[in-house]
Amino acid sequence: MKKTAKSVDRNHDHEHCIEDALAAAVKLCADRNLRFTPLRRRVLELVWSGHKPVGAYALLNQLHDEDLGSAPPTVYRALDFLIEHGLIHRIERMNAFIGCSHPGESHRGFFLICGQCGNAEELHSNGLADTIVASAGRRGFAARDMTLEVTGTCADCRKS
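Residues numbered from 1 in each chain as written. Predicted model: local features only at pLDDT ≥ 70, side-chain atom pairs only at ≥ 80, totals over all residues. Heavy atoms only, no water.

Engineer: Now, about the pattern of salt bridges: what can you tell me, with residues and values included?
Structural biologist: Pairing between side chains of opposite charge can happen when the charged atoms of each approach one another. Overall, the coordinates contain six salt bridges when judged by the stated rule. Taking the shortest distance from any N to any O, the salt bridge between Arg-93 and Glu-149 comes out at 3.7 Å. Of this pair, Arg-93 sits in the loop between β3 (88-91) and β4 (96-99) while Glu-149 sits in strand β7 (residues 147-152), and the two are 56 residues apart along the sequence. Since its relative accessible area comes to 56%, Arg-93 is described here as exposed. The exposure class assigned to Glu-149 is buried, which follows from its relative accessible area of 18%. One continuous salt-bridge network, built from bridges that share partners, spans Arg-41, Arg-42, Glu-45 and Glu-66. (Salt bridge = Lys/Arg side-chain N within 4 Å of Asp/Glu carboxyl O. Helix = DSSP H or I, 4+ residues; strand = E, 2+ residues; numbered from the N terminus. Buried < 20%, exposed > 50% of the residue type's maximum accessible area, 1.4 Å probe, protein only.)

Engineer: Now, about helix α1 (residues 15-31): what can you tell me, with residues and values included?
Structural biologist: Along an α-helix, residues three or four apart share an orientation, since each turn contains 3.6 residues. Compared with an ideal rise of 1.5 Å per residue, which puts 17 residues at 24 Å, α1 spans 24 Å between its outermost C-alpha atoms and is within 8% of the ideal. All of the buried residues in α1 are Cys-17, Ile-18, Ala-21, Leu-22, Ala-25, Leu-28 and Cys-29. Looking straight down α1, one finds that the buried residues subtend no more than 130° of arc, so they occupy a single side. Residues of α1 that are exposed and point more than 90 degrees away from the buried face comprise Lys-27, Ala-30 and Asp-31. Taken together, the buried residues of α1 touch α2 (38-47) and α4 (72-84). One or two positions beyond α1, positive phi appears at Asn-33, with a value near 55°. (Expected span 1.5 Å × (residues − 1). Arc of directions from axis to C-beta. Contact = heavy atoms within 4.5 Å.)

Written out as structure tokens, the structure is:
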């Protein structure tokens, strides 16, 4: 069964997304006895401030403007932490980051990326993952990690 993140319209208020992401991160960190530092929190907020993948340098610029210690290694460590604990994903083709719509759950990264507006939506499909693993297995390949990035045009842009 196909399950996607919330539909995103152009007038969408991201405050609810940010609040949900922060609450999930706080719970996950408490459950795993991890430190959710102010910088990690702010990076997560910035990643969730829209549904467009955001690059590390855009994050660095925003943090610099806010006087939050914008040294690249520090920000990359925060991003690595958020990825490692399933709070964000990296979109490889764009070298950018997007919030995880199912934080703390073990799942594969499948993304629909609109080439017009730049929004990205996480797609959940166990059937797709199972098909890829089975197909790889028939070739003697043991699939471990997978990320699938599909580019196209979102419903909102197709309507325009």
